[in-house]
Amino acid sequence: MPEDLTAFQRSVSSQKDCELVSRALGGDQHAYALIVQKYEKRLFIHIKRTIGDEQGIEDLVQEAFMKAFKALESYSSKYAFSTWLYKIASNHAIDYKRKRRLTTISLDRPVSTKEGEIRHEVYDTTYRPDRELEGDQRTNIIQEAIDSLPPKYNIVIVMRHQEEKSYEEIAQELDLPLGTIKAHIFRARRLLYMRLKDKRDSL
């Protein structure tokens, strides 16, 4: 399909999204239901790729739509609604993935046996709290810089570097030309460099 025709269709789709958002903000629940119907399957695929399995995806999709609905007044028509929605879904899925990684069995928790409760004692002579704090600080600084990017740049950086998607996958999911995706990622990296260069000492 010619790129100009694809762009036209995308423009029509974006315009319809803006109309539905406007109606939803005016209290039209059916309008938001149409938005959900349009993007539900896309978000399911997007979140599935983010977290790596199908467990809990339907709940995550619904929660992402709820977050989007609550934040609907903050949406700006300067950006494609799909980009804004994908950003919310991505952040929600990433938060879920991080929390799931933190769910571990504590070695400090006593284990019940017939003889009573016993505790594991593990000694780590290589552990350095200062290194962990430094790593956390560096991660927070970078994440803050990513979060401060405009939505169209934030979403591609998240998808490319945190979700490890290919350029082609990003273009397909965001329904944008491959060249546009590459340009957005290039500009996003440039913005990140500019925002992080003054914080090199902290990194």
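Data block above holds the structure.
Residues numbered from 1 in each chain as written. Predicted model: local features only at pLDDT ≥ 70, side-chain atom pairs only at ≥ 80, totals over all residues. Heavy atoms only, no water.

Help me get a handle on the nonpolar core, residues and values and all.
As a rule of thumb, nonpolar side chains are buried together in soluble globular proteins. Counting residues in hydrophobic clusters, the biggest one holds 34 residues, and the most contacted among them are Ile 47, Phe 81, Leu 174 and Ile 181. The set of elements that each furnish at least two residues to this core consists of helix 1 (3-25), helix 2 (29-51), helix 3 (57-70), helix 4 (81-102), helix 6 (151-162), helix 7 (167-174) and helix 8 (178-196). Ignoring sequence-local partners within four residues, the contact set of Leu 174 consists of Ser 82, Tyr 86, Ile 155, Val 156, Met 159 and Ile 181. The next biggest cluster of nonpolar side chains, apart from the first, holds 11 residues, and it includes Ala 145, Tyr 153, Val 158 and Leu 196. (Core = buried A, V, L, I, M, F, W, Y, C linked by side-chain atoms within 4.5 Å. Buried < 20%, exposed > 50% of the residue type's maximum accessible area, 1.4 Å probe, protein only. Helix = DSSP H or I, 4+ residues; strand = E, 2+ residues; numbered from the N terminus. Contact = heavy atoms within 4.5 Å.)

Tell me about the pattern of salt bridges, and please be specific about residues and values.
Considering all chains together, one arrives at 6 salt bridges under this definition. The residue Lys 165 makes a salt bridge to Glu 173 at a minimum N-O spacing of 3.8 Å. Take Lys 165 and Glu 173: they sit in the same class, and that class is buried. Ionic contacts of the salt-bridge type, sharing partners, join the residues Arg 49, Glu 163, Lys 165 and Glu 173 into one network. (Salt bridge = Lys/Arg side-chain N within 4 Å of Asp/Glu carboxyl O.)

Which residues make up the packing of helix 7 against helix 8, and what values do they have?
Where helix 7 meets helix 8, the axes come as close as 9 Å, and the angle between the chain directions of the two elements is 110°. Judged by the inter-axis angle, helix 7 sits roughly perpendicular to helix 8. Facing Tyr 167, Glu 168, Ile 170, Ala 171 and Leu 174 of helix 7, the residues of helix 8 in contact are Leu 178, Ile 181, Lys 182, Ile 185 and Arg 189. Looking at side-chain class alone, the contact of helix 7 with helix 8 contains 7 nonpolar, no polar and 3 charged residues. (Axes fitted to C-alpha atoms, helices over the stretch in contact; angles between N-to-C directions. Parallel < 35°, antiparallel > 145°, perpendicular 65-115°, else oblique. Nonpolar A, V, L, I, M, F, W, Y, C, P; charged D, E, K, R; others polar.)

How would you sum up the packing of aromatic side chains? Please name residues and give values.
Scanning the entire structure with this criterion turns up 5 aromatic pairs. When the ring of Phe 81 is compared with that of Trp 84, the centres are 5.6 Å apart and the planes differ by 40°; the resulting orientation is tilted. Note that Phe 81 and Trp 84 are positioned in helix 4 at a spacing of 3 residues, about one turn of the helix. Its relative accessible area of 1% is what places Phe 81 among the buried residues. Residue Trp 84 is classed as buried on the basis of its relative accessible area of 10%. One aromatic cluster is present, built from ring pairs that chain together Tyr 39, Tyr 75, Phe 81 and Trp 84. Against the face of Tyr 167 rests Arg 160, its NZ or CZ located 4.4 Å from the ring centre. (Phe/Tyr/Trp six-rings, centres within 6.5 Å; stacked < 30°, edge-to-face > 60°. Lys NZ or Arg CZ within 6 Å of the ring centre and 35° of its normal.)

Give me the lowdown on a negative patch on the surface, citing residues and values where you can.
Side chains of Glu 40, Glu 58, Asp 59 and Glu 63 sit close together on the surface and give a patch of like negative charge. Of all the elements, helix 3 adds the most residues to the negative patch, at 3 residues. Within the secondary structure, Asp 59 sits in helix 3. A relative accessible area of 47% places Asp 59 in the partly exposed class. (Patch = residues over 30% accessible without salt bridge, like charges linked within 9 Å, V, L, I, M, F, W, Y side chains within 5 Å. Areas by Shrake-Rupley, 256 points an atom, 1.4 Å probe, with all protein chains shown as cover. Lys, Arg positive; Asp, Glu negative; His and termini not counted. Charge placed at Lys NZ, Arg CZ, Asp CG, Glu CD.)

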